[in-house]
Amino acid sequence: MAKYIPPEQNKALQFVDVIFLLVAIFVALWLPLKLGLAGAAKAIDKIESPTWELLGQNPTMVSIWEKLGYTPETAHDIIQNRFHYNIDWISLILMAAVLIGYYVFLFRASDKEYREVIAEKFGDRK
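In what follows, the accompanying structure is described.

How each quantity is defined
- Residues numbered from 1 in each chain as written.
- Predicted model: local features only at pLDDT ≥ 70, side-chain atom pairs only at ≥ 80, totals over all residues.
- Heavy atoms only, no water.
- Helix = DSSP H or I, 4+ residues; strand = E, 2+ residues; numbered from the N terminus.
- Rg over C-alpha atoms; globule rule 2.2 N^0.38 Å.
- Buried < 20%, exposed > 50% of the residue type's maximum accessible area, 1.4 Å probe, protein only.
- Contact = heavy atoms within 4.5 Å.
- Areas by Shrake-Rupley, 256 points an atom, 1.4 Å probe, with all protein chains shown as cover.
- Lys, Arg positive; Asp, Glu negative; His and termini not counted.
- Charge placed at Lys NZ, Arg CZ, Asp CG, Glu CD.
- Phe/Tyr/Trp six-rings, centres within 6.5 Å; stacked < 30°, edge-to-face > 60°.
- Salt bridge = Lys/Arg side-chain N within 4 Å of Asp/Glu carboxyl O.
- Expected span 1.5 Å × (residues − 1).
- Core = buried A, V, L, I, M, F, W, Y, C linked by side-chain atoms within 4.5 Å.

1. Observations regarding the overall build of the chain
Thought 1: Summing up its helical and strand segments, the chain has 4 helices and 2 strands in all.
Thought 2: Counting from the amino terminus, the chain carries its helices and strands in the arrangement α-β-α-α-β-α.
Thought 3: On C-alpha atoms alone, the chain measures out to a radius of gyration of 27 Å, which is more than a quarter above the 14 Å that the 2.2 N^0.38 rule sets for 126 residues.
Thought 4: For the C-alpha atoms alone, the extent of the chain along its principal axes is close to 80 × 35 × 30 Å.
Thought 5: The buried share of the chain, reckoned over its 126 residues, is 9%.
Thought 6: Here the analysis covers contacts within the chain between residues at least 6 apart in sequence; of these, 61% occur between residues at least 24 apart.
Thought 7: Entry remark: accessible area of the chain is about 11,300 Å², with carbon and sulfur atoms responsible for 67%.
Thought 8: Between the mean site of the 13 positive side-chain charges and the mean site of the 14 negative ones, the chain shows a separation of 11 Å.

This is how it looks when you write it as structure tokens:
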């Protein structure tokens, strides 16, 4: 029985694959930032006339803020800049459908390729 030898890809195409993957990863990380999708749920919870107590800072925290040169007014936006976790159910369901669809596609494509390799190696036994 012949040993299975997978097809080989030349070095230039391997380089193209690596460059494509690097660009794809960069775009996948950069595009949400450029479109304003990352950190979209971030908002500043305003406090009128902030004090360290109203900002929820204990004496240790206050000493560190003051060592860094902050006052309650200047530290307000940093401390109160928070994420608001609201779930967009439509987006969540859409994302789940896309992931499940991708999994099904990947499973079927892999099954087809697996069967082709088995048929090539051992012959079609149907």
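2. Re the packing of aromatic side chains
Thought 1: Under the criterion given, the structure shown has 4 aromatic pairs.
Thought 2: Ring centres of Trp65 and Tyr70 lie 5.1 Å apart, and the angle between their planes is 90 degrees; on these two criteria the pair is classed as edge-to-face.
Thought 3: Looking at Tyr70, the relative accessible area reads 29%, which means it is partly exposed.
Thought 4: For the pair Tyr103 and Phe107, a centre-to-centre distance of 6.2 Å together with 25 degrees between the ring planes defines the contact as stacked. Of this pair, Tyr103 and Phe107 both sit in helix α4 (residues 89-122), 4 residues apart, roughly one helical turn.

3. Let's talk about the pattern of salt bridges
A side chain of one charge can pair with a side chain of the opposite charge when the charged atoms of the two come close.
Thought 1: In this structure the tally under the stated criterion is 2 salt bridges.
Thought 2: For Lys46, the salt bridge is made with Asp77, and the minimal N-O distance between the two is 3.9 Å. With a gap of 31 residues between them, Lys46 in the loop between β1 (42-44) and α2 (59-67) and Asp77 in helix α3 (residues 72-80) connect regions that are remote in the sequence.
Thought 3: Asp77 sits in the partly exposed class, given a relative accessible area of 36%.
Thought 4: Residues Asp111 and Arg115 are paired through a salt bridge, measuring 3.1 Å at the closest nitrogen-oxygen approach. Linking Asp111 with Arg115, this pair stays in helix α4, spanning 4 residues, or about one helical turn.
Thought 5: A residue is classified by how much of its surface remains accessible, and Asp111, at 30% relative accessible area, is partly exposed.

4. Quick notes on the environment of Pro6
Thought 1: Its location among the elements puts Pro6 in the segment before α1 (11-34).
Thought 2: Along the chain, Pro6 and Val117 lie 111 residues apart, while their C-alpha atoms are 9.5 Å from each other.

5. Remarks on α4
Thought 1: In a regular helix each residue adds 1.5 Å, so 34 residues correspond to 50 Å; α4 covers 48 Å between its end C-alpha atoms and thus fits that length.
Thought 2: Where α4 ends, the next residue or the one after it, Gly123, has phi of about 85 degrees, a positive value.

6. Observations concerning the nonpolar core
Thought 1: Counting residues in hydrophobic clusters, the biggest one holds 6 residues: Trp52, Leu55, Val62, Trp65, Ala75 and Ile79.
Thought 2: Counting residues per element, the ones that place at least two in this core are α2 and α3.

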